[in-house]
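# Reading the structure
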Amino acid sequence: MALLGGVAGVVLTAVLMTVLWWPRTEVTYRSSAPSAVVYQDGVPHSLALVHMHTLSGRHSYKMVIGRESVQTYGHWVDVDTSLGQDGIESTAWTQDGVRVRFPTGHEVFVPARFFLYGR
């Protein structure tokens, strides 16, 4: 019987750790390429800033750039937490790619070749 209690304790601990570390996501910013910017793959593209956080207090931010308005598949870019928590100030879409400006003045340029054709 003691062995069963030990196994149950291990399982309960594993379940609890999974719940505490399982990420929840929230889109904190969205931008779509203007209709005047048409890429080689011929479909609209968008960008989202995604805030991932867990019940244990871990926070991370990522940008995803992809086809149409799907924010779960595309080209992912890690964003430093200190930049991500303040959000994105602006995006500028061009044929060459998308430039993202943060309130701190930092800028990130993602060339179009990285997010075209469903990457």
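Keep in mind the model is a prediction, meaning the values are calculated, not measured.

Moving on, we get to the pattern of salt bridges. Any two side chains of opposite charge can pair if their charged atoms end up close together. A complete count under the given rule lists 4 salt bridges for this structure. One salt bridge in this structure joins R101 and E89, with 3.5 Å as the shortest N-O distance. Placement of R101 in strand 6 (residues 97–101) and of E89 in the loop between helix 2 (81–84) and strand 5 (90–94) is noted, with a sequence separation of 12 residues between them. Relative accessible area serves as the criterion here: at 47%, E89 is assigned to the partly exposed category. Put simply, R99 and E107 hold a salt bridge, and the shortest N to O gap is 3.7 Å.

Within this structure, the stated rule accounts for 2 aromatic pairs. When the ring of Y39 is compared with that of F115, the centres are 5.4 Å apart and the planes differ by 90°; the resulting orientation is edge-to-face. Pair noted here: Y39 is in the loop between strand 1 (24–32) and strand 2 (45–53) and F115 is in the segment after strand 7 (107–111), with a separation of 76 residues, a long-range link. When its relative accessible area of 0% is taken as the criterion, F115 is described as buried. Measuring from ring centre to ring centre gives 6.1 Å for W93 and F115, while their planes differ by 85°; the resulting arrangement is edge-to-face. With W93 in strand 5 and F115 in the segment after strand 7, the pair connects residues that are 22 residues apart, well separated along the chain. The structure contains a cluster of three or more aromatic residues connected by ring pairs, namely Y39, W93 and F115.

A few words now on the sheet that holds strand 6. What links the strands of a sheet is backbone hydrogen bonding, and the strands pair in either a parallel or an antiparallel sense. If you walk across this open sheet you meet the 3 strands as 5-6-7, and the pairing is antiparallel. Each end of this open sheet is capped by a strand with a single partner; those strands are strand 5 and strand 7. If you compare each strand with its neighbour and ignore which way they point, the axes differ by 15° on average. Judged from the 5 bridges that link them, strand 6 and strand 7 form a sheet pairing that is antiparallel. When the bridges of strand 7 are listed, V100 appears paired with V108.

Cut-off values and rules
- Residues numbered from 1 in each chain as written.
- Predicted model: local features only at pLDDT ≥ 70, side-chain atom pairs only at ≥ 80, totals over all residues.
- Heavy atoms only, no water.
- Salt bridge = Lys/Arg side-chain N within 4 Å of Asp/Glu carboxyl O.
- Helix = DSSP H or I, 4+ residues; strand = E, 2+ residues; numbered from the N terminus.
- Buried < 20%, exposed > 50% of the residue type's maximum accessible area, 1.4 Å probe, protein only.
- Phe/Tyr/Trp six-rings, centres within 6.5 Å; stacked < 30°, edge-to-face > 60°.
- Pairing = 2+ DSSP bridges.
- Axes fitted to C-alpha atoms, helices over the stretch in contact; angles between N-to-C directions.

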